[in-house]
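If you want the building blocks of each chain, they are given just below.
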Amino acid sequence: MKYNIMTFSSINPPSRLKRAASKKGMFVNIIRTPTSLSDKGCSYSIRYKEIDNDGLISLADNLKLNYRRIFKEQDKNNNEYIKLYDKLSDR
Amino acid sequence: MIYLDNAATSYPKPSTVCDEMLRCMKFYCANPGRSGHKMSLTASEKIYECRENLSQLFNIANPLNIVFTSNATEGLNIGIKGILKPKDHVIISSLEHNSVVRPIQKLMKSEVSCSIVPINTNKAFDTNNILQKIRENTKLIVVTHASNVTGQILPIKRIGKIAKEKNIIFMVDAAQTAGCHHIDVQEQNIDILVFPGHKGLFGPQGTGGIYIKEGLELDSLKEGGTGSYSESISQPQILPDKMESGTLNTPGIVGLNEGVKYILKNGIDEIIKRERELIEYFLNGLKEINNVTIYGNNGLDNRTGTVSINIGNIDCMLVSHELDKRYDIMARSGLHCSYLAHKTIGTVNKGTVRFSLNCLNSYRHVQKALLAIKNISEGKIT
């Protein structure tokens, strides 16, 4: 199974997204953002199945939840992630 | 024991409130929004669930616009001090609690001005009284939804409409109504709603909150750790983080969540109906007792379960002492932290005995209280 990670600055938006996603049948986990993916601060992310990517982006946008970046998980053991989206550069 | 002091804090709480608080303390009372382990995440998710349930109750579009506080007073301070700046003008009613009056009094030392709209407790509210007080620099209207002394409910929908038309921020102190009367921030044009957790919402003491409308900019009262944007030395500007520095009261908020769930499950209409039946019975009984003065509106419309009385010239403190000692009835006497409201009803010099019922009281409680009041009025004080 392949997973993506959507990063946030705070625990609150992912908490909202998780509950909203579960009502639409999408299962997500809240995790602390891996240091290599964060801005060195304490932040939270959701980790979810790659197949739910569009649905979760759409849901986050509808709820106006300010996510920072989205990564594709390649090899967690070697800290390998592919950046799919970066709010700072893409918007 | 008969508890009739629900305007101060509600008792008893639904058992689910106590059960979940205990479960939290035993199993998941870690720091919410700080760590990534399952205890911390469970705490965070329970806190978020409470925001969502409160949003459902008050028809708030975005649960993240709810900030948890330690009580309504803190919420009122956040709202009042976060908005008003030197040269600004604020309008309040003459039924306000000291938690509204005192922060404004402090700001008046910094060139904030205030107008008080007189409320006639025996007549219908006249919105012209508000219109007449509006000035060019009026930035905020703050009113209590209901007096904590007389139980009178103010027409917040009509006041909210005026505020919206005049482009003035409208703030409601729902200390006496949250959880026991209809509140809809969208329909009533409420920009800022402040509520305690420990009264009508059946949460524990040490809980409360403030809803801040999307896009409304308030200064924060305190700054510090939020578990977010830790790479920055500046306070985050997003809600609720901006206003929620420091560790939240997790066991309190999970208890509050259960209180809100109890209200949502039973329905606000059912709660109002129950409270109304009891207050009707109480008021009818009071009217039959000699020497009892009921303050404010003694009808059933536009009121909460709170009634203030005096019995002849008997000192209100002696009455409440007698009620407690001899009849095991808990009521509150004095000025109820509401000098302005007592000034309005003319009881500043003597105070009143306040009985505040809620939906968990029974006819038996009311009967016992009426009998005790009758005995005291007949001079049977020990």
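Bear in mind the structure is a predicted one, so any value in this text is a computation, not a measurement.

Draft legend 1. Highlighting the pattern of salt bridges. Inspection of every chain in the model, using the stated rule, returns 26 salt bridges over all chains. Two residues, K273 of chain B and E277 of chain B, come together in a salt bridge whose shortest N-O distance is 3.8 Å. Highlighted residues: K273 of chain B and E277 of chain B, both in helix α8 (residues 268–287), separated by 4 residues, approximately one helical turn. The exposure class of K273 of chain B is partly exposed, given its relative accessible area of 45%. Judged by its relative accessible area of 28%, E277 of chain B is partly exposed. Salt bridges sharing partners connect three or more residues here, namely R19 and K23 of chain A together with E49, E52, E258 and K261 of chain B.

Draft legend 2. How the structure looks around the interface of chain B and chain A. Facing the 24 residues of chain B at the interface are 19 residues of chain A. A buried area of about 1700 Å², summed over both sides, lies between chain B and chain A, and 52% of it is on carbon and sulfur atoms. In terms of surface lost to chain A, no three residues of chain B exceed E45, Y48 and E231 of chain B, which account for 27% of the buried area on that side. In this structure, E49 of chain B and R19 of chain A form a salt bridge, with 3.6 Å as the shortest nitrogen-oxygen distance. Remark: the boundary between chain B and chain A carries 14 residue pairs in polar contact (both at pLDDT 80 or more). Of the residues contributing to the side of chain B that touches chain A, the split by class is 8 nonpolar, 9 polar and 7 charged.

Draft legend 3. Fine view of helix α11 (residues 363–377) of chain B. Taking 1.5 Å per residue, 15 residues should reach 21 Å; α11 of chain B reaches 21 Å between its end C-alpha atoms and fits that length. Note on α11 of chain B: the residue one or two positions beyond its end, G379 of chain B, has a positive phi of about 85 degrees.

Draft legend 4. Quick peek at the sheet that holds strand β2 (residues 28–32) of chain A. Residues and elements named next belong to chain A. Read across the sheet, 5 strands follow the order β2-β3-β1-β4-β5 without closing on themselves; strand pairing throughout is antiparallel. Sheet topology places β2 and β5 (80–86) at the edges, where each strand pairs with a single neighbour. Strand-to-strand twist across the sheet, computed as the mean angle between neighbouring axes with direction ignored, equals 30 degrees. Of the strand pairs in this sheet, strand β1 (residues 3–8) and strand β4 (residues 69–75) are connected by 3 bridges, and their pairing is antiparallel. Bridging across to β4, M6 finds its partner in I70.

Draft legend 5. Examining helix α7 (residues 250–266) of chain B more closely. All names here are of chain B. Between its terminal C-alpha atoms α7 stretches 24 Å, which fits the 24 Å expected from 17 residues at 1.5 Å a residue. Of all 17 residues in α7, 12 are buried, a share of seventy percent or more. Residues of α7 that are buried: T250, P251, G252, I253, V254, G255, L256, N257, E258, G259, V260 and I263. Buried residues in α7 make contact with α1 (15–28), α2 (38–58), β2 (66–69) and α8. The opening residue of α7, the one whose side-chain oxygen lies 2.9 Å from the backbone nitrogen of G252, is N249. Two residues or fewer after α7 comes G267, characterised by a positive phi angle close to 90 degrees.

Rules and cut-offs
- Residues numbered from 1 in each chain as written.
- Chains lettered and ligands numbered in written order.
- Predicted model: local features only at pLDDT ≥ 70, side-chain atom pairs only at ≥ 80, totals over all residues.
- Heavy atoms only, no water.
- Salt bridge = Lys/Arg side-chain N within 4 Å of Asp/Glu carboxyl O.
- Helix = DSSP H or I, 4+ residues; strand = E, 2+ residues; numbered from the N terminus.
- Buried < 20%, exposed > 50% of the residue type's maximum accessible area, 1.4 Å probe, protein only.
- Contact = heavy atoms within 4.5 Å.
- Buried area = accessible area lost by both parts, 1.4 Å probe.
- Polar contact = N/O pair within 3.5 Å; in protein donor to acceptor, adjacent residues only side chain to side chain.
- Nonpolar A, V, L, I, M, F, W, Y, C, P; charged D, E, K, R; others polar.
- Expected span 1.5 Å × (residues − 1).
- Pairing = 2+ DSSP bridges.
- Axes fitted to C-alpha atoms, helices over the stretch in contact; angles between N-to-C directions.

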